[in-house]
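Fold and geometry: a report
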Amino acid sequence: MGELDNEGPAGATVAAKGGHYLNVNSGAITPPIDLSTTFARDDRYNPINPANLYSRDNSPTFIHAERTIAELEDGDECLLFGSGMAAIAAIFYTLKPGSHVVLPDSMYWGAYSWIRLHCERADIFTSYYDPADAATIAAAIDRQTRTNIVWVETPSNPMMHVTDIALAAEIAHEAGALLCVDSTAATPVFCKPLNYGADLVIHSATKYLNGHSDVLAGALVTRDRHDLWDQVARERHLAGAVPGNLEAWLLLRGIRTLFVRVERAAVSAMRIATMLRAHGAVEAVLYPGLADHPGHEVAQRQMTGGFGALLSFQVRGDEAVAKKVAGQLQTIISATSLGGVETLIEHRYSVEPPETGVPENLLRLSVGIESCDDLIADLQQSLAALDK
Ligand SMILES: *Cc1c(COP(=O)(O)O)cnc(C)c1O
């Protein structure tokens, strides 16, 4: 699968052209930022442009980013949201009391905690599976009522579990459920979940899609207009969790360099993972690009051209040692989030509650586009300074 199977331009071309914009009046090749929140009607009270009434739902500035993301995912439609969490919430807000969702037992903590809170409040039942083994979804499916949604996040943040999307889709569809895949860490550069049977793709566009740590946004992509999609679109139209026009414009600008950023960062991530794995101060490296990662084989099947730029590693020692490794870094910045051009390291144990099971000696590294030699030297000096 991947780009070569598709007709039409490759993803790198789609991203670089950013919506193929050309203003036939001015000749401008980048889209304008249309900041207007409202759109006028003509003398017969018809909208001047029927697509534009009010910018909560149909801003002409969103459309370029939405079309580009839909095309990058081999999808038909995309909806932008004000954050990745707003995109995720829009899906769950459509579920009625008594619905049932199947979740991985390890995933991005922000989504996990909100989904659990919401489902409890809204009388939505939840059950869990092991994200490293998609076959365990079958046992989590509720055959008596009906499972509405199966949730996959692959590779997962921060434990880097890889879930077999095709197998998850097969099990979900057999039970009449829809498969939603949070593909934030994989990016459309390396994985297109719709091609493996997913019904909805979720991105925190705050991360790799924008890529510059300066925009909060989320995106949902579908291939077909299933019922859930219409409900999600209505949810956004009425409840309005949309980004501002400036953010939507900046997002498209970020997307234009998506491929060069992410491809380079993934090459560096592979080198860094290999270095860390051989390092005496490191206990384990979690990166699906490594041949001995439990999800490597599945990742090879569903990811094309690389394994992403996110990895985690466990230092030999406890929480204090892990924090020391982060604290002694000079080039790499200690901060939350991921997917930007700058390399960030985070001690997730400090921010997640103990029940998530994230190890105290784990550091998550979001590899950026700096010189890889500089990043490796920085990690090596910090790890070496542990002995002192
Ligand atoms: C950051 C993140 C989100 C949430 O996105 P926001 O834009 O911060 O709301 C969702 N899923 C994953 C995998 C993430 O890393």
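Structure first, text after, so check above.
Okay, so let's go over this structure. (Residues numbered from 1 in each chain as written. Predicted model: local features only at pLDDT ≥ 70, side-chain atom pairs only at ≥ 80, totals over all residues. Heavy atoms only, no water.)

**What to know about the pattern of salt bridges**
Considering all chains together, one arrives at 11 salt bridges under this definition. A salt bridge links Arg225 to Glu77; the nearest nitrogen and oxygen atoms lie 3.4 Å apart. Of this pair, Arg225 sits in the loop between strand S7 (218-222) and helix H9 (227-239) while Glu77 is found in strand S1 (residues 77-81), placing the two residues 148 residues apart along the sequence. Note that Arg271 and Asp373 form a salt bridge whose closest N and O atoms lie 2.9 Å from each other. Of this pair, Arg271 sits in helix H11 (residues 258-277) while Asp373 sits in helix H14 (residues 372-384), and the two are 102 residues apart along the sequence. With a relative accessible area of 41%, Arg271 lands in the partly exposed category. Shared partners join several salt bridges into a network, and the residues in it are Glu346, Arg348, Glu352 and Arg364. (Salt bridge = Lys/Arg side-chain N within 4 Å of Asp/Glu carboxyl O. Helix = DSSP H or I, 4+ residues; strand = E, 2+ residues; numbered from the N terminus. Buried < 20%, exposed > 50% of the residue type's maximum accessible area, 1.4 Å probe, protein only.)

**Examining the sheet that holds S7**
Here we have 7 strands laid out as an open sheet, ordered S1-S7-S6-S5-S4-S2-S3, and mixed in their pairing. Bordering the open sheet on either side are S1 and strand S3 (125-129), each of which pairs with just one other strand. Across this sheet, the average inter-strand angle for adjacent strands is 20 degrees, counted without regard to direction. With 2 bridges connecting them, strand S2 (residues 100-104) and strand S4 (residues 149-153) associate as parallel partners. Bridging from a neighbouring strand, Val101 pairs with Ile149 of S4. Running over the sheet, helix H7 (residues 165-174) touches S4 and strand S5 (178-182) and is turned about 150 degrees from S5. H9 rests against S1, S4, S5, strand S6 (200-204) and S7 of the sheet, and its axis sits at about 35 degrees to S1. (Pairing = 2+ DSSP bridges. Axes fitted to C-alpha atoms, helices over the stretch in contact; angles between N-to-C directions. Contact = heavy atoms within 4.5 Å.)

**Notes on a nonpolar patch on the surface**
Among the surface-exposed residues, Leu22, Val24 and Ile29 lie close enough to one another that they form a single nonpolar patch of about 350 Å² accessible area. Inspection of the secondary structure puts Ile29 in the loop between helix H1 (11-17) and helix H2 (55-58). Accessibility expressed as a relative area gives 57% for Ile29, which makes it exposed. (Patch = residues over 30% accessible without salt bridge, like charges linked within 9 Å, V, L, I, M, F, W, Y side chains within 5 Å. Areas by Shrake-Rupley, 256 points an atom, 1.4 Å probe, with all protein chains shown as cover.)

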